[in-house]
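Listed here are the chains, written in short residue letters.
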Amino acid sequence: MNKKILVTGGAGLNALVIGKHGQVAQALLATKPEHIQVKAVGRQEIDIHNIDSIIEAVKKHSADIVINTAAYTHVDNAESHPEEAFFLNEQAAANIAAASKITHTRFIHLSTDYIFSGEKHSPYLVTDAAGAVNIYGKSKLAGEQAVLAANPDCCIVRTSWLYSRFGNNFVKTMLKLMQSRDTLSVINDQTACPTSAIALGQFIWLLSQQKKWQQVYHWSDTGRATWYQFALEIQNLAIDLGKLTRRIPIAPVSSEQFPTPAKRPKFSLLDISVSAQIMTPRPWQQNLRSLIKTL
Ligand SMILES: NC(=O)C1=CN([C@@H]2O[C@H](COP(=O)(O)OP(=O)(O)OC[C@H]3O[C@@H](n4cnc5c(N)ncnc54)[C@H](OP(=O)(O)O)[C@@H]3O)[C@@H](O)[C@H]2O)C=CC1
Ligand SMILES: Cc1cn([C@H]2C[C@H](O)[C@@H](COP(=O)(O)OP(=O)(O)O[C@H]3O[C@@H](C)C(=O)[C@@H](O)[C@H]3O)O2)c(=O)[nH]c1=O
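The sections below set out a description of the structure shown in this document. Since this is a predicted model, take the numbers as computed values, not measurements.

### Considering the site of ligand 1
Next up, step 1: As a matter of local geometry, ligand 1 sits amid 20 residues, with V24, R43, T73, Y136 and K140 nearest to it.
Next up, step 2: Separating an oxygen atom of ligand 1 from a backbone N or O atom of G19 is a distance of 3.5 Å.
Next up, step 3: One of the backbone nitrogen or oxygen atoms of G22 is found 2.9 Å away from an oxygen atom of ligand 1.
Next up, step 4: Its free accessible area being 890 Å², ligand 1 has 81% of it covered by the protein chains.
Next up, step 5: Going through the elements one at a time, α1 (23-31), β4 (106-112) and α5 (135-150) are the ones with two or more residues in the shell around ligand 1.
Next up, step 6: Here the shell around ligand 1 takes three residues from β4, the largest share from any one element.
Next up, step 7: A breakdown of the residues in the shell around ligand 1 according to their chemical character gives nine nonpolar, nine polar and two charged.

Printed below as a string of structure tokens:
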């Protein structure tokens, strides 16, 4: 039996995080427990299109666990750059899974609520059928399938609508627009749960110390929102916390009234009941307040 699969308690655990400069990688670095050693690598240090390069990095850092956060995440641009999206989200992910299998290293791969079609009206279970409606979602779904085929012992964590002080995200976009515009229109017919990347980071570290994994987990904050409701709360909290000096009108609009290159699922709330046994999730409004306080 592979002794690394028995790693528990985190003592002496070496983690290799791929995708160093991204939002989730930065959140993982910010939430790293003291007893876990982490090496984060980006394009300069690793070529994820080359299995040997990944194996070399795993060996160099004596990694017990690899966490892949590298991805093509620009949802609208993916529509016009499908090859790049699939190259990164499917092929590179499969390479990392294959390298983890060869080196007997545990592997956590990040995925998204956008693998779902959005036709359901209740939270998506990990066992629900997928059916992405845009190229990003299709490439991430292909990535999940390729990763599981290459290493069935790995673990996929799907999450949704991430926000944090790191990278680009909806909260940062809205705060900028709220400072520079006199009005905003925001889509009110797409629903999911905004999720703190910091809370996700904490969840992933706890998951990394679990003896046994399911193949797929869902993680988000608790509650639900449309992008419009999310934007309203961002503005309310930012005014309340002294980060914005004026309130601008925000109009709720339909997806048809705010056309984007990529179609997005109308409903992609994730059922997080299994993950909630590993870590207690918090309401998204609470986590959002904590973030906005620090900006
Ligand atoms: N952001 C969100 O709202 C959500 C994200 N997810 C998933 O979470 C994961 C992490 O997302 P997030 O951190 O937000 O994404 P980001 O776009 O912030 O980060 C992705 C990272 O991937 C890196 N990367 C791209 N190509 C390569 C490459 N060839 N080699 C090494 N690194 C590369 C990028 O590097 P560089 O900075 O150099 O371009 C970037 O740092 C992804 O799997 C995403 O699908 C899931 C749900 C929601
Ligand atoms: C800027 C803006 C956006 N929108 C809408 C467009 C879109 O439907 C929605 C969110 O737009 P964004 O481009 O910020 O977010 P988007 O790229 O769709 O976010 C997604 O990213 C990927 C990586 C994921 O995996 C998903 O979980 C999700 O977080 O808000 C408005 O309605 N008004 C606006 O002024």
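Now that the structure has been shown, we can carry on.
### What to know about the site of ligand 2
Next up, step 1: By nearness alone, 18 residues border ligand 2, and T112, D113, Y136, I187 and R264 come closest of all.
Next up, step 2: About the coverage of ligand 2: the protein hides 81% of its 720 Å² of free accessible area.
Next up, step 3: Of all the elements in the fold, those that place two or more residues in the shell around ligand 2 are α6 (170-180) and β7 (184-187).
Next up, step 4: Looking at the shell around ligand 2 residue by residue, the class counts come to eleven nonpolar, five polar and two charged.

### Description of the side chain of S53
Next up, step 1: Assignment of secondary structure puts S53 in helix α2 (residues 51-60).
Next up, step 2: By relative accessible area, S53 is classed as buried at 16%.
Next up, step 3: When neighbours within four sequence positions are excluded, S53 is seen to be in contact with I46 and D47.

### Considering the packing of α6 against helix α8 (residues 227-240)
Next up, step 1: Orientation of α6 relative to α8, taken along the N-to-C sense of each, is 65 degrees, at an axis distance of 10 Å. When you trace α6 past α8, the crossing you get is right-handed. When α6 is examined against α8, the residues F170, V171, M174, L175 and M178 are found in contact with a partner set consisting of W227, F230, A231, I234, Q235 and A238.
Next up, step 2: Along the lines of polarity and charge, the residues of the contact of α6 with α8 split into ten nonpolar, one polar and no charged.

### Concerning unusual backbone geometry
Next up, step 1: Within the chain, S62 stands out as a residue other than glycine whose phi angle is a positive 45 degrees.
Next up, step 2: The backbone of H104 shows a phi angle near 55 degrees, a positive value even though the residue is not glycine.
Next up, step 3: Taking relative accessible area as the criterion, H104 reaches 48% and is therefore assigned partly exposed.

Parameters and conventions
- Residues numbered from 1 in each chain as written.
- Chains lettered and ligands numbered in written order.
- Predicted model: local features only at pLDDT ≥ 70, side-chain atom pairs only at ≥ 80, totals over all residues.
- Heavy atoms only, no water.
- Near = heavy atom within 4 Å.
- Polar contact = N/O pair within 3.5 Å; in protein donor to acceptor, adjacent residues only side chain to side chain.
- Areas by Shrake-Rupley, 256 points an atom, 1.4 Å probe, with all protein chains shown as cover.
- Helix = DSSP H or I, 4+ residues; strand = E, 2+ residues; numbered from the N terminus.
- Nonpolar A, V, L, I, M, F, W, Y, C, P; charged D, E, K, R; others polar.
- Buried < 20%, exposed > 50% of the residue type's maximum accessible area, 1.4 Å probe, protein only.
- Contact = heavy atoms within 4.5 Å.
- Axes fitted to C-alpha atoms, helices over the stretch in contact; angles between N-to-C directions.
- Left-handed = near helix turned anticlockwise from the far one by under 90°.

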